[in-house]
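A structural walkthrough
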Amino acid sequence: MRKRSRRYEKMARVYDEEILPVWTQRFGRMLLRGLEMPPKAMVLDVACGTGDLSLEILRRMDSLGRIIAIDPLGPLLDIARKKAGDLAGKRLFFRSEPAVSKLGFADDVYDLVVSNLGLLALEDRAAALKDLARVTKPDGLVMITLPLSG
């Protein structure tokens, strides 16, 4: 079990140092282009990885806004918590949640739901997108990125 944990920790570091800067951050910038946050926004970041998108959204929010950032991999969340520093557990909350198409959240909670390349691993992306819409307020916004094929 410890060997598997070390492998995930190494994978998380490689993701944060190598993949994030050349791949994930580019999609994140596109996702946030022109985004305006409502006052007191409640945001859900699905498959948050090492937290860069969550932190950028937090910078754009007023002081009453809150973000729940979820990811199935604990080592990625560990890096995200370190990046968030004192903000973790105050305005930005990280939670380990499995990559499934049914989220463990009530209906109509979030003003904004984002997923930056987070639906790639799911077999039923349509069901996952429907569930993202379920947890979003009727006047809220769901924003995702997926790479194009071909």
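If you're wondering where the values come from, they're calculated on a predicted model, not measured in any experiment. (Residues numbered from 1 in each chain as written. Predicted model: local features only at pLDDT ≥ 70, side-chain atom pairs only at ≥ 80, totals over all residues. Heavy atoms only, no water.)

**So, the packing of aromatic side chains**
Counted according to the given criterion, the structure contains two aromatic pairs. On the numbers, 5.7 Å between centres and 85° between planes, the contact of F105 with Y110 is edge-to-face. When sorted by exposure, F105 lands in the same class as Y110, which is buried. (Phe/Tyr/Trp six-rings, centres within 6.5 Å; stacked < 30°, edge-to-face > 60°. Buried < 20%, exposed > 50% of the residue type's maximum accessible area, 1.4 Å probe, protein only.)

**Structural notes on the pairing of strand β3 (residues 92-96)**
The sheet contact formed by strand β2 (residues 66-71) and β3 spans five bridges and is parallel. Of the residues in β3, the one forming a bridge with I70 is R95. Between the parallel elements β2 and β3, the chain passes through helix α3 (residues 74-84) in a crossover that is right-handed. (Pairing = 2+ DSSP bridges. Helix = DSSP H or I, 4+ residues; strand = E, 2+ residues; numbered from the N terminus. Right-handed = clockwise from strand over helix to strand, strands pointing away.)

**Quick notes on a nonpolar patch on the surface**
A cluster of nonpolar side chains, V14, I19, V22 and W23, forms an exposed patch at the surface whose accessible area comes to about 340 Å². Secondary-structure assignment places V14 in helix α1 (residues 2-32). (Patch = residues over 30% accessible without salt bridge, like charges linked within 9 Å, V, L, I, M, F, W, Y side chains within 5 Å. Areas by Shrake-Rupley, 256 points an atom, 1.4 Å probe, with all protein chains shown as cover. Salt bridge = Lys/Arg side-chain N within 4 Å of Asp/Glu carboxyl O.)

**Some words on the side chain of S54**
Tracing the backbone shows S54 in helix α2 (residues 52-60). For S54, the residues in contact, after removing those within four places along its chain, are D45, C48, I67, A69 and L92. (Contact = heavy atoms within 4.5 Å.)

**Notes on helix α4 (residues 125-135)**
Looking only at α4, the buried set comprises A128, D131, L132, R134 and V135. Buried residues in α4, looked at end-on, bunch into an arc of 155°, giving them a common side. Exposed and oriented more than 90 degrees from the buried face of α4 are A126 and K130. For α4, the elements touching its buried residues are β1 (42-46), β4 (110-116) and β5 (136-145). (Arc of directions from axis to C-beta.)

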